[in-house]
Amino acid sequence: MRRPQDILADEKSMATIVMLTNAFEGLASMRIAQVRNQVLQSQRFFAAIWQIYHQIRVDGLFRFGRPATEDAIDKQLYIAVTAEGGFSGDIDHRLITKLLETYNPKKNDLLVIGHHGALQLMQSGVSYGKYFKLPQSDTDINIAPLVAEVRKYRSAVVYYQTYKSLMVQEVVRIELSDAIEAQGSQVSGTKLSADEIISEKNYIFEPSTFAVAAHMEKAMLEITLSQVVLDSKLAQYASRFRAMRVAYDRSSDERKALHTAYNRAKRSQSDERLKEIINGLKKAGAVA
């Protein structure tokens, strides 16, 4: 039988874990609200650019802002967006597993965002070409280095976590140019008045219409990748929230069990002492 003092010490330690998991759960919930607001703002900015771009685009090809004369690497770039640390549940493991189902080093180059994903790839014996840290800030994300890498390739595929609800986060695979086109098609249906229509008939584009369209493609690529990173962070916060909720429930249950065990140990200790006293009195009476 464990001593009551030892059980009480474990109960106090468990109470600390209960307090910490509750605090982390609250922080994750607050971050979720902040990031969702950022995603909505970036979607509105994308819509404003697309309204102009789809009116002046030279052809139906999305080149990530590359000049028509610039050659692109004839491989498909794979991008894995994962957490920076391992405190994100099992979603990074599911993401890397899904990515490796189709990854072929002869056809694909691999770029990973987030230290946890890099570790998972190394554990799987898979090497990657580039690694970027997941931005710590949820605002003013510097996506320029990632954009520079994407623009080198003819096409790029992104694997990332997406937020469905606090309890549900899914791994998503998107072809980047298709995702930009799909997001733009949701905006293109808006009817414009004669004054809002932009074309070479009523505007002069310098240095050329193609150059302006390419600049807008680069801007939309930056916005889309920023949205991917933010959506991934949103899913990570939700996964963290869920993990903290599970940890909070378990630690609370364990604390209650320890408290019950402490009371039982104390009662058992009291009963043992009472028995010793009674036995001592009996022996004293027998001697007398």
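A quick note: this is a predicted structure, and the numbers were derived from the prediction, not measured.

(A) Representation of helix α3 (residues 115–123). Here α3 has its buried residues at His116, Gly117, Ala118, Gln120 and Leu121. Buried residues along α3 sit in contact with α2 (91–100), β2 (108–113) and β3 (130–132). A positive phi of about 75° marks glycine 125, the residue just after α3.

(B) Just the packing of aromatic side chains, in detail. On inspection of all chains with the given rule, the structure shows 3 aromatic pairs. With a centroid separation of 5.5 Å and 50° between ring planes, the pair formed by tyrosine 78 and tyrosine 159 is classed as tilted. Of this pair, tyrosine 78 sits in strand β1 (residues 73–81) while tyrosine 159 sits in strand β4 (residues 153–163), and the two are 81 residues apart along the sequence. Under the relative-accessibility criterion, tyrosine 159 is labelled buried at 1%.

(C) Expanded view of the environment of alanine 9. Structurally, the position occupied by alanine 9 is in helix α1 (residues 4–56). Given the relative accessible area of 39%, alanine 9 is considered partly exposed. Counting along the chain gives 253 residues from alanine 9 to tyrosine 262, while the straight-line C-alpha distance between them is 9.8 Å.

(D) Quick peek at the environment of isoleucine 91. In this structure, isoleucine 91 sits in helix α2. Sequence-wise, isoleucine 91 and tyrosine 160 are 69 residues apart; in three dimensions their C-alpha atoms are separated by 9.5 Å. Beyond its immediate sequence surroundings of up to four residues, isoleucine 91 is in contact with Gln161, Gln169, Glu170, Val171 and Ser239.

(E) Region of interest: the pattern of salt bridges. Counted according to the given criterion, the structure contains 5 salt bridges. In this structure, arginine 154 and aspartate 74 form a salt bridge, with 3.6 Å as the shortest nitrogen-oxygen distance. Here arginine 154, found in strand β4, pairs with aspartate 74, found in strand β1; they are 80 residues apart in sequence, far enough to count as distant. The exposure class assigned to aspartate 74 is exposed, which follows from its relative accessible area of 64%. Ionic pairing is found between aspartate 109 and lysine 75, a salt bridge with its closest N-O pair at 2.9 Å. With a gap of 34 residues between them, aspartate 109 in strand β2 and lysine 75 in strand β1 connect regions that are remote in the sequence. A residue is classified by how much of its surface remains accessible, and aspartate 109, at 22% relative accessible area, is partly exposed. Residue lysine 75 is classed as partly exposed on the basis of its relative accessible area of 25%. Salt bridges linked by common partners bring Lys130, Glu149 and Lys152 together as one network.

Calculation rules
Residues numbered from 1 in each chain as written. Predicted model: local features only at pLDDT ≥ 70, side-chain atom pairs only at ≥ 80, totals over all residues. Heavy atoms only, no water. Buried < 20%, exposed > 50% of the residue type's maximum accessible area, 1.4 Å probe, protein only. Helix = DSSP H or I, 4+ residues; strand = E, 2+ residues; numbered from the N terminus. Contact = heavy atoms within 4.5 Å. Phe/Tyr/Trp six-rings, centres within 6.5 Å; stacked < 30°, edge-to-face > 60°. Salt bridge = Lys/Arg side-chain N within 4 Å of Asp/Glu carboxyl O.

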